[in-house]
Every structure is written in structure tokens, then in C-alpha cells.
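These are the residues of each chain, in order.
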Amino acid sequence: MYPSSQEKAVIDAAEQLMIETMSRYDPSHDAFHVQRVRQTALAIAKSLPIPPDLLTIELAALLHDVLDKKYVSPEQAADSYSFFLPFFERAKEEHGIDLVQDGRARQIALIVDNVSWSTEKKLREAARWTKWHEECLELHCVQDADRLDAIGAFGVLRCAAYSAITNHALHTPEDNPQQASSAIQHFYDKLLHIKVRLKTEAGKKLGEKRHQVVSYHLHLWPNILH
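Per-chain numbering applies: the sequence of each chain, read as written, is numbered from 1 onward. Selection of residues for local features in this predicted model requires a pLDDT of at least 70, selection of side-chain atom pairs for listing and counting requires 80 or more, and totals for whole chains, interfaces and linings are taken over all residues. With hydrogens and water stripped out, all remaining heavy atoms of the structure feed into the side-chain values.

UniProt positions are given in the numbering used here, feature names are shortened, and annotations may be inferred rather than shown by experiment. UniProt records the feature "domain: HD/PDEase" (unreviewed entry) for residues 26-160 in the present numbering. Secondary structure content for residues 26-160 is 70% helix and 0% strand, while the C-alpha to C-alpha distance between its ends is 12 Å. Helix numbering and strand numbering both begin at the N terminus, where a helix is a DSSP run of H or I of at least 4 residues and a strand a DSSP run of E of at least 2.

Here it is in C-alpha cells:
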């Protein structure tokens with residue numbers, strides 16, 4: 001039965017690391033966002049016909065934004081495995097689970113490195129999207145869960161929150177140079193496209209409902225502005 005007492009101890013340690021780190025981030029990328037991603041990722045995983053590794057998924061979900069490039073230095077973000085290695089080693093020393101030896105530490109770091117929308121976009125454009133990206137169920141669960149939290153009601157709120165904290169306009173006229181970085185433009189650049197990039201059946205079902213929320217808000221804009 002998952003999680004065992006040992007797995008639970010490692011999960012709790014990862015959660016504490018996440019909470020301590022992300023307390024410095026803004027509300028669009030806070031511990032509550034991570035907890036939603038964790039819950040959704042596990043729900044998606046349990047719906048799959050082929051059971052993925054739940055510990056890998058839960059740890060990757062908990063750690064996926066700790067090294068978000070928007071909040072840490074390029075040097076830190078460049079090597080997530082080295083950054084998390086002390087945590088992986090403590091999992092063995094304190095709780096008896098050798099994530100390094102069994103390969104899950106490397107897998108978790110790979111998921112953290114590849115979960116983001118922008119990373120997938122860059123890899124596909126550079127023809128560097130691999131068989132692992134296509135087939136790793138653990139990656140798909142965390143990716144879908146993270147992207148689902150970018151759409152729907154929470155997604156709308158998170159977009160506004162990040163725009164505010166980074167001092168980006170919520171909306172600008174079409175001829176304004178700030179339009180490219182406005183919150184509304186972000187809907188067109190990313191949020192409206194998330195539905196078609198979801199990879200699991202459960203994720204796609206959830207995505208359909210949340211996509212409608214995003215579309216509805218955009219539909220309202222012409223009436224609000226005039």
C-alpha cells in the first residue's frame with residue numbers, strides 16, 4: 001500500500017523543503033499551487049491503465065517549482081540533480097530509501113527539468129523532443145497537473161497575480177509596445193493552447209472543463225473594454 005511509512009517520511013521531507021523554499025515566491029507560484037499539482041498528478045496517475053511509480057510522481061510534483069527559472073539563478077536551475085542530491089542522500093540515510101541507487105533520483109530531476117511549458121516548446125522547436133519525453137508516464141502526470149493549474153479559475157487568478165508581481169500590464173491597446181507581455185496576451189500565447197498539449201486521458205477531460213473557463217473570460221473582454 002502506497003505510501004509506506006518510509007515513503008511517507010521522504011514525502012514529508014520533500015514537502016518541507018518545498019514549503020521553506022517557495023515561501024519566498026509570489027502567490028502565482030506558492031506552496032498552495034504545488035499542493036494542487038501534487039493532488040492532481042496523483043489522481044491522474046491512479047487513473048492510468050499502466051501503473052506509474054507514485055513516489056516518483058509525488059516527489060517530482062512537490063519539487064517541480066523549487067528551481068523555477070523565474071525565481072532562481074541560471075546556475076541553480078541548470079543542474080537540478082546536483083541541487084537535490086543532498087535531499088536524495090538524506091532519504092537513504094534517514095529513511096532507508098536509496099533513490100540514487102534505484103534511479104528514481106535521476107528520473108525526478110529529469111521531470112523537474114522538463115515539466116515546464118516553455119521547456120517543451122523549446123525542445124520541440126529544436127527537434128530535441130525524445131522518446132523519453134513521449135513515453136514517460138511520470139513526466140506526463142506532473143506536466144498535465146501543472147498545466148491544468150494554469151487554466152481554469154485558478155489559472156486566471158495566477159496569471160493576474162504574476163502580472164501584478166512582475167509589473168506587467170493586465171491589458172493594453174493593440175498598438176502599445178507592452179501588449180506582448182500583458183496578461184491578456186498570455187492567454188493567447190499559452191493558456192488557450194494548453195488543452196491540446198495535455199497527454200493523459202484524465203488530464204484531457206479536466207482540461208476541457210478548465211479551457212472553457214479561460215475561453216469564457218476572453219469572450220467577456222470586448223464587452224468589458226467597450
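Moving on, there is more to tell.
Right, let's talk about the packing of helix H5 (residues 80-95) against helix H6 (residues 104-114) for a bit. Inter-axis angles, ranging from 0 to 180 degrees, are taken between N-to-C directions of lines fitted to C-alpha atoms, where helices are fitted over the stretch in contact. At a minimum axis separation of 10 Å, H5 and H6 run at an interaxial angle of 135 degrees. Considering the angle they form, H5 stands oblique to H6. Helix-helix and strand crossings are classified by hand; for H5 and H6 the assignment is right-handed. Between H5 and H6, the contacting residues are Ser80, Tyr81, Phe84 and Phe88 on the first element and Ala105, Arg106, Ile108, Ala109, Val112 and Asp113 on the second. When residues are sorted by character, Ala, Val, Leu, Ile, Met, Phe, Trp, Tyr, Cys and Pro go into the nonpolar class, Asp, Glu, Lys and Arg into the charged class, and all the rest, Gly among them, into the polar class. The residue makeup of the contact of H5 with H6, split by class, is seven nonpolar, one polar and two charged. Any angle between 65 and 115 degrees counts as roughly perpendicular, while under 35 counts as roughly parallel, over 145 as roughly antiparallel, and the rest as oblique. Working rule for handedness: look at the near helix, and if it is turned counterclockwise from the far one by less than a right angle, call the crossing left-handed; if clockwise, right-handed. The contact rule is simple, with two residues in contact once any of their heavy atoms fall within 4.5 Å.

Salt bridges are defined by distance alone: a side-chain nitrogen of Lys or Arg within 4 Å of a carboxyl oxygen of Asp or Glu. In this structure the tally under the stated criterion is 16 salt bridges. A salt bridge links aspartate 102 to arginine 104, with the shortest nitrogen-to-oxygen separation between them at 3.0 Å. For arginine 104, a relative accessible area of 19% puts it in the buried group. Salt bridges here are not isolated pairs; linked through shared partners, they connect Glu120, Arg124, Glu134, Arg147, Arg197 and Lys199. Think of it in three bands: residues with accessible area under 20% of the maximum for their type are buried, residues over 50% are exposed, and the middle band is partly exposed, with areas taken using a 1.4 Å probe on protein chains only.

Looking now at helix H7 (residues 117-125). Looking at H7, one finds that the buried residues are Trp117, Thr119, Glu120 and Leu123. Buried positions in H7, seen along its axis, are confined to an arc of 165 degrees and lie on one side of it. H7 presents Lys122 and Glu125 as exposed residues on the side facing more than 90 degrees away from its buried surface. Buried residues along H7 sit against H6, helix H8 (131-135) and helix H9 (137-148). Trailing H7 by a residue or two, alanine 127 shows a phi angle of about 55 degrees, which is positive. The reported arc concerns the directions from the helix axis to the C-beta atoms and nothing else.

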